[in-house]
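Listed below are the residues making up each chain.
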Amino acid sequence: MRTFAALFWRDLVLNIRSSGGAALSAAFFALIVVLAPLGLGPNAATLKALGPGLFWIAALLATLLGLERMVQQDVEDGTLDLFRLSPLPMELIIVAKILAHWLTSGLIITLLAPLLAPLLSLSFDAVPTLTLSLLLGTPGLSSIGAAAAALGTSVQRGGMVLAILVLPLNVPFLIFGASAVAAAQSGNDPSQALIFLAAASLIAMVVGPLAAAAALRLNED
Amino acid sequence: MRLVAEGLAALRGERVVFRHVNFEVSSGQALVLYGPNGSGKTTLLRILAGLLAVMAGRLRLLDNDSQPLTGEARDGALHFISHQDMIRTQLRVRETLRFHAALLGAPARDVDAALDVWGLSALAGISGGFLSAGQRRRLSLARLSLQPRRLWLLDEPLVALDAQARARLNNVCNKHLADGGIIVAATHEPFLAGMRTLHLSSGA
């Protein structure tokens, strides 16, 4: 447990202190939302229609940012050897990393989204659903990202490969997340889409660490 | 404790780096590996650490009752100091060693003592990015002082160390051997005079 906590804390500190870490994720998310009205024009009806999708596209891209650092550097600088010799199972090591990544990307985005909602003319009633959908969905995004990041370690400069691997797997999150927000905005019940989103997220949280640990073991040679 | 290797052979990529490697090291003994670049010293150490599989041969780490150690018990009986330093610019010296202590399952209170042994106390609060090559090496070697473990596997421990740090390393290693430990070290320089050596030849 102490090993788990120390690993989680170390990754959290690394994410916060790195130039490409938490601050960049938050800034990237905010920039997409801030720039969208400038590109799409100030028409409130257009923004309202596009808003749910834009928020979720921004979330998908912003959570992608810290992933390359998540395991790649540990493989390159030999820390992976210490992980493998440590009594802590590789799956739990990945869980600690996912948690640290989520706190410095998904959670920050979730907290930021309500503040940015007026920029895309999102109706006031849809804001709680937006926050809830991000809260439910982003842990899944970090989990899928961990599996892809671990797979990507066998490739030099795997950043591009990572994006290609991750984004198709994240499509269900985009669809259910955006449709939940859109439903809330048009006065419909968003719970069905939210349930699917939560289910996808739960599956990812279980499968992600298992797949990532397996990928790192394959990387052993 | 004994480390016994019989007819070890290893494959890297599609090349056999060494074969027919035999040795036996017991408590209080050290084995110093020599050989040109690419002769498989690091590969052999990684095999001894259990991080790589052997292509052929048999490797056993036996405890005092001649029972083979496996799995977590084996991992917990050895320190592996690779030639890589695992130091991040975003973490301070003490934070780095604390993290390594946690991974080893060593108590955090021993971190400051370990820093002291390796002459790093004055640097404890600075970022890993400001360390010189020799200081980085000492920070890696400080893992040895975090927790007593019987088998030490050292890959290029002397690189970048100054005379004082080399003397320190020698003292620490001799004390470890006197306490019944085992050391296997790969190096290009004279190290642990009087101990047994194993020469790996290139392209064997």
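Rules and cut-offs
Residues numbered from 1 in each chain as written. Chains lettered and ligands numbered in written order. Predicted model: local features only at pLDDT ≥ 70, side-chain atom pairs only at ≥ 80, totals over all residues. Helix = DSSP H or I, 4+ residues; strand = E, 2+ residues; numbered from the N terminus. Buried ≥ 20, exposed ≤ 12 C-beta atoms within 10 Å, placed from the backbone. Contact = placed C-beta atoms within 7 Å. Expected span 1.5 Å × (residues − 1). Arc of directions from axis to C-beta. Pairing = 2+ DSSP bridges. Axes fitted to C-alpha atoms, helices over the stretch in contact; angles between N-to-C directions. Domains from an automatic or database assignment. Nonpolar A, V, L, I, M, F, W, Y, C, P; charged D, E, K, R; others polar. Core = buried A, V, L, I, M, F, W, Y, C linked by C-beta atoms within 7 Å. Right-handed = clockwise from strand over helix to strand, strands pointing away. Parallel < 35°, antiparallel > 145°, perpendicular 65-115°, else oblique. Left-handed = near helix turned anticlockwise from the far one by under 90°.

### Points about the overall build of chain A
Along its length, chain A carries 10 helices and 0 strands. Listing each helix as α and each strand as β along chain A from the N terminus yields α-α-α-α-α-α-α-α-α-α. Here chain A, with 221 residues, has 49% of them falling under the buried criterion. Within chain A, counting contacts between residues at least 6 apart in sequence, those at least 24 apart form 82% of the total.

### As for the environment of Met70 of chain A
Its place among the elements puts Met70 of chain A in helix H4 (residues 67-76). A sequence separation of 113 residues divides Met70 of chain A from Ala183 of chain A, and the C-alpha atoms of the two residues are 35 Å apart.

### Section: helix H1 (residues 2-17) of chain A
With 16 residues, H1 of chain A should reach 22 Å at 1.5 Å per residue; the first-to-last C-alpha distance of 22 Å fits that figure. All of the buried residues in H1 of chain A are Ala6, Leu7, Arg10, Asp11, Leu14 and Asn15 of chain A. Considered in projection along H1 of chain A, the buried side chains sweep an arc of 165° and stay on one side of the axis. Facing away from the buried surface of H1 of chain A by more than 90 degrees, the exposed residues are Arg2 and Ala5 of chain A. Packed against the buried residues of H1 of chain A are helix H2 (22-40) and helix H6 (90-104) of chain A together with helix H3 (93-104) of chain B.

### As for the sheet that holds strand E3 (residues 30-34) of chain B
All names here are of chain B. Pairing is parallel across the open sheet formed by 5 strands, whose spatial order is E5-E6-E7-E3-E8. Only two strands of the sheet have a single partner each, and these edge strands are strand E5 (78-81) and strand E8 (196-199). For this sheet, the mean inter-axis angle between neighbouring strands, taken without regard to orientation, is 15°. Across 4 bridges, the pairing between E3 and strand E7 (residues 182-186) is parallel. The residue of E7 that forms the bridge with Ala30 is Ile183.

### Considerations on the domain arrangement of chain B
All names here are of chain B. Here the domain parsing of chain B yields domain 1 (1-77 + 150-204) and domain 2 (85-148). When each unit is reduced to the centre of its C-alpha atoms, the spacing between domain 1 and domain 2 is 23 Å. Element by element, the count of residues in the side of domain 1 that touches domain 2 is highest for helix H6 (residues 163-178), at 4 residues. When grouped by side-chain class, the residues that make up the side of domain 1 that touches domain 2 number 8 nonpolar, no polar and 2 charged.

### Quick look at H2 of chain A
Residues and elements named next belong to chain A. Look at H2: 28 Å from first C-alpha to last across 19 residues, which is about the 27 Å you get at 1.5 Å a residue. Buried within H2 are the following residues: Ala22, Ser25, Phe29 and Val33. On the buried face of H2, the contacting elements are H1, helix H3 (44-64), H6 and helix H7 (106-116). Backbone geometry just after H2 places Gly41 at a positive phi near 90°.

### Remarks on the interface of chain A and chain B
Between chain A and chain B, the residue contacts involve 18 residues of the former and 18 residues of the latter. Considering every element that reaches the side of chain A that touches chain B, the biggest residue donor is H1 of chain A, with 8 residues. Broken down by class, the residue content of the side of chain A that touches chain B amounts to 7 nonpolar, 5 polar and 6 charged.

### Some remarks on the nonpolar core
Across soluble globular proteins, nonpolar side chains show a tendency to be buried alongside one another. The biggest cluster of nonpolar side chains holds 124 residues, and the ones touching the most others in it are Leu153, Val184 and Ala185 of chain B. Split by domain, this core shows at least three residues from each of two domains, domain 1 (1-77 + 150-204) and domain 2 (85-148) of chain B.

### Things to note about the pairing of E7 of chain B
All names here are of chain B. Here E7 lies mainly inside the structure; 5 of its 5 residues are buried. Going residue by residue along E7, you find Ile182, Val184 and Ala186 tucked away on one face and Ile183 and Ala185 tucked away on the opposite face as well. Summarising the sheet, strand E6 (residues 151-155) and E7 pair through 5 bridges and their orientation is parallel. The residue of E7 that forms the bridge with Leu154 is Ala185. Taken together, E6, H6 and E7 form a β-α-β motif whose crossover is right-handed.

### Considerations on the packing of H2 of chain A against H3 of chain A
Residue and element names in this part refer to chain A. Interhelical geometry of H2 versus H3 gives an angle of 155° and a closest axis separation of 9 Å. Judged by the angle between their axes, H2 and H3 are roughly antiparallel. Helix-helix and strand crossings are classified by hand; for H2 and H3 the assignment is right-handed. Where H2 abuts H3, its residues Ser25, Phe28, Phe29, Ile32, Val33, Ala36, Pro37 and Leu40 lie against Thr46, Leu47, Leu50, Leu54, Phe55, Ala58, Ala59, Leu61 and Ala62. Taken together, the residues that form the contact of H2 with H3 break down as 15 nonpolar, 2 polar and no charged.

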